[in-house]
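Commentary on secondary and tertiary structure
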Amino acid sequence: MTTPLSPPASTDPSDLPVVRLLPKANARAIRHGFPWVYANEMVTDRRTKALTPGSLALLEDSARQVMGVVAVNPASKIFCRMLDQNSEAVVNQSWFEAHIKRAVQLRDQMYDAPFYRLIHAEADGLPGVVIDRFGDTAVIQANAAWADVHIDALTAALVAQTGVRHVLKNAAGRTRSLEGLDDVSGVLHGDAPGAAVPVPMNGATYMADLTGGQKTGLFYDQRPNHAFAANLSKGKRVLDVFAHVGGFSLAALANGASSAVAVDGSAPALELAQQGADAMGVSDRFATRQGDAFDILTALRAEGEEFDVVICDPPAFAPGKPALEAGLRAYERVARLAAQLVAENGVLGLCSCSHAADLTQFRTASVRGIGRAGRRAALLHTGFAGPDHPQLPQLAETGYLKSLFFRLS
């Protein structure tokens, strides 16, 4: 088991330090569910700045009314994360179990197999915590300091409530560095799988690398969008760009696509896609092309290739506001290049996982790119992340995924 950031201090509310909002802070928004308090909204002094990252405290408004139990990190722009509005709450294994039990009950209502996002951070009441489940293995991303501090209790609660035999910690990603955390992944319980794990979804089989792949190994958030595209793909030629392990292409083949080509810059990801196609028995209709997606889109155009369904699901081109303008230009470029490959009356699917680019901005960039390709578009469908990725209405960042499906002429 990996070592937590530091042993958790007492979680007895009577022993917790007190932190306080400045008068200018929006206490009402926090009472109504906004989960974060930024550093510039806090009364900060030598005492509060000395608090250990990930420690717990009681949050008060400027009138000294207690608002709840928070996790604090003086080293982060997000100084406080609301854990529980009950100021008597004790954050221990039982507290984690209650949250996980509630999350499991919701997923079991929606899915017939234990392959899904089990905990989606703030929306499931565990700020900064992501847990994806792959049968009897779960992968935790502890993206906030408090979760690192309490990782042992979280892991024990997860095992107790789900019965998973193996729990891995994935420490990759930009968010942990913003919290001042390390990038050391490891095994928290049981053993690491010795090979890629097969994941059934939308009739397809995906191979997830839980120890060396992107994020936790698979992107569950696109499940409903994979299904929508697959329903349009029966008997069609499909191009899946930024395919990772074959998200859209394998779903399309499972639904009877005549052929599918997966494009990605990662050779290991495409090898996993090929393994998935082999497991499904559709290798004769599946091909891969490895390289820069923009270069391959341009090359396919030069080769005179044409597809009935083209899907582009790039990484976050605008992960934050400073990258927004460049990100929107990149989305426009993707749309322009991809639209040139779509057959008459074919379908173009464009996706964005950039929370900094809202739906209107992303749609505008996409339509501009389609127009620059000399095509006319009718918007068929707007998709979002699946219900195992619930959105917290007060936090726009939880609605990061957008998928637009156009019919082109």
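These figures come from a predicted structure and were not determined experimentally. (Residues numbered from 1 in each chain as written. Predicted model: local features only at pLDDT ≥ 70, side-chain atom pairs only at ≥ 80, totals over all residues. Heavy atoms only, no water.)

Overview of the overall build of the protein chain
Of the regular secondary structure elements, the protein chain holds 12 helices and 19 strands. Computed over the C-alpha atoms, the radius of gyration of the protein chain is 23 Å, within 12% of the 22 Å expected from 2.2 N^0.38 for a compact globule of 409 residues. Its C-alpha atoms give the protein chain principal-axis dimensions of roughly 70 × 45 × 35 Å. Summarising the internal contacts of the protein chain: among those between residues at least 6 apart in sequence, 64% fall at separations of at least 24. Accessible surface, the protein chain: about 17100 Å² in total, of which carbon and sulfur atoms supply 50%. Within the protein chain, the 41 negative side-chain charges are centred at a point lying 8 Å from the centre of the 38 positive side-chain charges. (Helix = DSSP H or I, 4+ residues; strand = E, 2+ residues; numbered from the N terminus. Rg over C-alpha atoms; globule rule 2.2 N^0.38 Å. Contact = heavy atoms within 4.5 Å. Areas by Shrake-Rupley, 256 points an atom, 1.4 Å probe, with all protein chains shown as cover. Lys, Arg positive; Asp, Glu negative; His and termini not counted. Charge placed at Lys NZ, Arg CZ, Asp CG, Glu CD.)

Notes on the sheet that holds strand β7 (residues 129-134)
One open sheet accounts for five strands, arranged β6-β7-β8-β9-β10; its pairing is mixed. Both edges of this open sheet fall to β6 (115-120) and β10 (186-189), since each of them pairs with a single strand only. Each neighbouring strand pair of the sheet contributes to a mean axis angle of 25°, computed without reference to strand direction. Sheet topology places β7 next to strand β8 (residues 137-142); six bridges connect them, and they run antiparallel. Bridge pairing in β8 places R133 opposite A138. Across the sheet, helix α5 (residues 151-162) touches β6, β7, β8, β9 (166-169) and β10, and the angle it forms with β8 is around 150°. (Pairing = 2+ DSSP bridges. Axes fitted to C-alpha atoms, helices over the stretch in contact; angles between N-to-C directions.)

Observations regarding the UniProt feature "domain: S-adenosylmethionine-dependent methyltransferase" (unreviewed entry) in the protein chain
The positions UniProt marks with the feature "domain: S-adenosylmethionine-dependent methyltransferase" (unreviewed entry) are residues 194-407. The straight-line gap between the two end C-alpha atoms of residues 194-407 is 43 Å; of that span, 33% is helix and 26% is strand. (UniProt positions renumbered as here; feature names shortened; annotations may be inferred.)

A few points about the nonpolar core
Of all hydrophobic cores here, the largest spans 38 residues; its most connected members are F134, V199, Y206, L218 and F286. Contributing elements (two or more residues each) for this core: β11 (197-201), β12 (204-208), α7 (223-231), α8 (247-254), β14 (259-264), α9 (267-280), β16 (307-312) and β17 (342-352). For this core, the element with the most residues is α8, which contributes five residues. When near neighbours in sequence (up to four residues on either side) are disregarded, Y206 contacts V197, P198, V199, M201, L218, H226, V245, G246, G247, L250 and A251. Membership of the second largest hydrophobic core comes to 37 residues, among which are V261, V263, A318 and A365. (Core = buried A, V, L, I, M, F, W, Y, C linked by side-chain atoms within 4.5 Å. Buried < 20%, exposed > 50% of the residue type's maximum accessible area, 1.4 Å probe, protein only.)

Some remarks on the pairing of β9
Here β9 shows two buried faces, one formed by H166 and L168 and the other by V167 and K169. With three bridges joining them, β9 and β10 adopt antiparallel strand pairing. The partner of L168 across the bridge, within β10, is V187.

Examining the sheet that holds β17
The strand order β15-β14-β13-β16-β17-β19-β18 describes an open sheet built from seven strands, whose pairing is mixed. Whereas interior strands pair on both sides, the edge strands pair on one side only; in this sheet they are β15 (286-290) and β18 (377-383). Strand-to-strand twist in this sheet, taken as the mean axis angle between neighbours without regard to direction, amounts to 15°. Relative to strand β19 (residues 402-408), β17 runs antiparallel, the two sharing six bridges. In the sheet register, L348 faces β19, and the bridge partner there is F406. Its contacts with the sheet put α7 on β16, β18 and β19, and the angle it makes with β19 is roughly 10°.

Here's the deal with helix α10 (residues 293-302)
Buried within α10 we find A293, F294, I296, L297 and L300. The buried residues of α10 occupy an angular sector of 165° when projected down its axis, which confines them to one face. In α10, the exposed residues that point more than 90 degrees away from the buried face are D295 and A302. Where α10 is buried, its residues contact β13 (237-241), β14, β15, β16 and α11 (324-339). The N-cap residue of α10 is D292: its side-chain oxygen and the backbone nitrogen of F294 are 3.1 Å apart. Looking at the residues trailing α10, positive phi occurs at G304, about 75°. (Arc of directions from axis to C-beta. Polar contact = N/O pair within 3.5 Å; in protein donor to acceptor, adjacent residues only side chain to side chain.)

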